[in-house]
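What the coordinates show
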Amino acid sequence: MRYDGRRIVFSYRRGGSEHYHLYEINVDGTGLVQLTDGQFDDMDPIYLPDGHIVFSTTRGHTYVRCMPPTNAYVLARCDHDGKNIYLISRNNEPD
């Protein structure tokens, strides 16, 4: 939940889709907005005190060394609206 207690961020995979994306919704269930998209899995989001969102993602195109082709999720950060995504880590093991 956002620090003001009004919005919730979560990951979800819509039916018929292969990938998880980030969504945000008002606590009363209105105003659903998809924040991320693309051929990546974006999961486990949390709000940061400065208004950004940090999450795990496959956007780093890295794989677990002992289990190819298993994606290694790395950390990324984006603006509150899902824009300006950048990777925080570049590990070859899941963060």
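So, here is what we can say about the structure in this document. Predicted model only: the values in this text are computed from it and were never measured.

On to the sheet that holds strand β1 (residues 7-12). Think of a sheet as strands paired side by side through backbone hydrogen bonds, with each pair either parallel or antiparallel. One open sheet accounts for three strands, arranged β1-β2-β3; its pairing is antiparallel. With partners counted over all chains shown, the strands left at the sheet margins are β1 and β3 (33-34), one partner each. Pairing of β1 with strand β2 (residues 21-26), which is carried by six bridges, proceeds in the antiparallel orientation. Within the sheet, the bridge partner assigned to V9 lies in β2 and is E24.

So, on to the nonpolar core. Across soluble globular proteins, you tend to see nonpolar side chains buried next to one another. Within the largest apolar cluster, eight residues are counted, these being V9, L22, L35, Y47, I53, F55, A76 and C78. Looking at this core, the elements that each hand over two or more residues are β5 (53-57) and β6 (74-78). Those residues in contact with L35 that lie beyond four places of it in its chain are V9, L22, Y23, E24, I53, H80, D81 and G82.

Reading the values: rules and limits
Residues numbered from 1 in each chain as written. Predicted model: local features only at pLDDT ≥ 70, side-chain atom pairs only at ≥ 80, totals over all residues. Heavy atoms only, no water. Pairing = 2+ DSSP bridges. Helix = DSSP H or I, 4+ residues; strand = E, 2+ residues; numbered from the N terminus. Core = buried A, V, L, I, M, F, W, Y, C linked by side-chain atoms within 4.5 Å. Buried < 20%, exposed > 50% of the residue type's maximum accessible area, 1.4 Å probe, protein only. Contact = heavy atoms within 4.5 Å.

That is the geometry; function is a separate question.
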